[in-house]
Amino acid sequence: MFFERFLHTSYDQFASLSSVPNFLPLLAERFARQRLHALARVEGHHRDGKPVVLFLCTHNAGRSQIALGFFTHLTGDRAVAWFGGSEPGTEVNPAAVAAMAERGIDITDEYPKPWTDEVVRAADVVVTMGCGDACPVFPGTRCENWVLDDPAGWDLDGVRPLRDVIERRVRRLIDQLGVPAAGWSTPPSIVHL
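The model shown is predicted, which means the values in this text are computed figures rather than measured ones. (Residues numbered from 1 in each chain as written. Predicted model: local features only at pLDDT ≥ 70, side-chain atom pairs only at ≥ 80, totals over all residues. Heavy atoms only, no water.)

Caption draft 1: Inspection of the packing of aromatic side chains at higher detail. Here the structure, examined in full by the defined rule, presents 2 aromatic pairs. Three or more aromatic residues joined by ring pairs form one cluster here, namely Phe55, Phe71 and Trp146. Over the face of the ring belonging to phenylalanine 83 we find lysine 113, whose NZ or CZ atom lies 4.6 Å from the ring centre. (Phe/Tyr/Trp six-rings, centres within 6.5 Å; stacked < 30°, edge-to-face > 60°. Lys NZ or Arg CZ within 6 Å of the ring centre and 35° of its normal.)

Following this line, the structure appears as structure tokens:
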């Protein structure tokens with residue numbers, strides 16, 4: 001019954017937002033699994049020692065997916081990253097997907113989703129990107145606010161500089177967390193933090 005409740009509430013959260021109703025069960029299942037994983041961490045049932053980073057923005061349709069893409073690509077299975085939004089959109093910005101594809105990182109399977117209390121409480125670091133007062137803050141959780149413009153409606157040329165800024169910040173965060181980054185080279189034009 002407990003698992004069913006998580007699945008049903010996850011489904012309900014997507015049903016009102018989704019523009020792809022055929023995929024609702026799959027999205028709900030993936031989201032419920034993430035929420036249950038987070039709850040296990042919060043309640044102390046899952047201790048793998050990996051740092052958890054949560055990237056939050058308003059529409060959860062560009063900035064947070066770019067950050068997640070770099071973070072997971074660079075850390076592999078040595079850390080955990082999640083994302084969410086205060087007002088999730090219906091799809092990931094196609095220019096953000098294209099900008100990440102230029103770097104060899106595929107974020108096409110990502111989708112906007114809301115943040116939930118258990119996911120925020122499970123995070124070691126919460127990175128907010130423009131969601132203002134709507135972003136949650138829990139005592140004892142490290143919070144960073146990355147002031148970044150929302151790329152909604154931007155084309156690929158507009159998203160590239162934002163992507164590069166996010167990459168530099170993600171690399172800095174990974175370094176601060178002491179997580180060894182994968183041996184992935186960065187073009188010389190953006191090496192400097």
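Caption draft 2: Structural context of the side chain of arginine 103. Tracing the backbone shows arginine 103 in the loop between helix H4 (94-102) and helix H5 (117-122). Separated by 2.8 Å, the side chains of arginine 103 and aspartate 164 make a polar contact. (Helix = DSSP H or I, 4+ residues; strand = E, 2+ residues; numbered from the N terminus. Polar contact = N/O pair within 3.5 Å; in protein donor to acceptor, adjacent residues only side chain to side chain.)

Caption draft 3: Structural context of the pattern of salt bridges. In the structure shown here, the tally under the stated rule is 9 salt bridges. Residues aspartate 164 and arginine 103 are paired through a salt bridge, measuring 2.8 Å at the closest nitrogen-oxygen approach. Within this pair, whereas aspartate 164 is found in helix H6 (residues 156-177), its partner arginine 103 is found in the loop between H4 and H5, the two being separated by 61 residues in sequence. Given the relative accessible area of 14%, aspartate 164 is considered buried. Overall, the relative accessible area of 12% leaves arginine 103 in the buried class. A salt bridge links aspartate 164 to arginine 163, with the shortest nitrogen-to-oxygen separation between them at 3.0 Å. Look at arginine 163 and you get buried, because its relative accessible area is 5%. Beyond isolated ion pairs, a larger network of salt bridges with shared partners links Glu102, Arg103, Asp157, Arg160, Arg163, Asp164, Glu167 and Arg171. (Salt bridge = Lys/Arg side-chain N within 4 Å of Asp/Glu carboxyl O. Buried < 20%, exposed > 50% of the residue type's maximum accessible area, 1.4 Å probe, protein only.)

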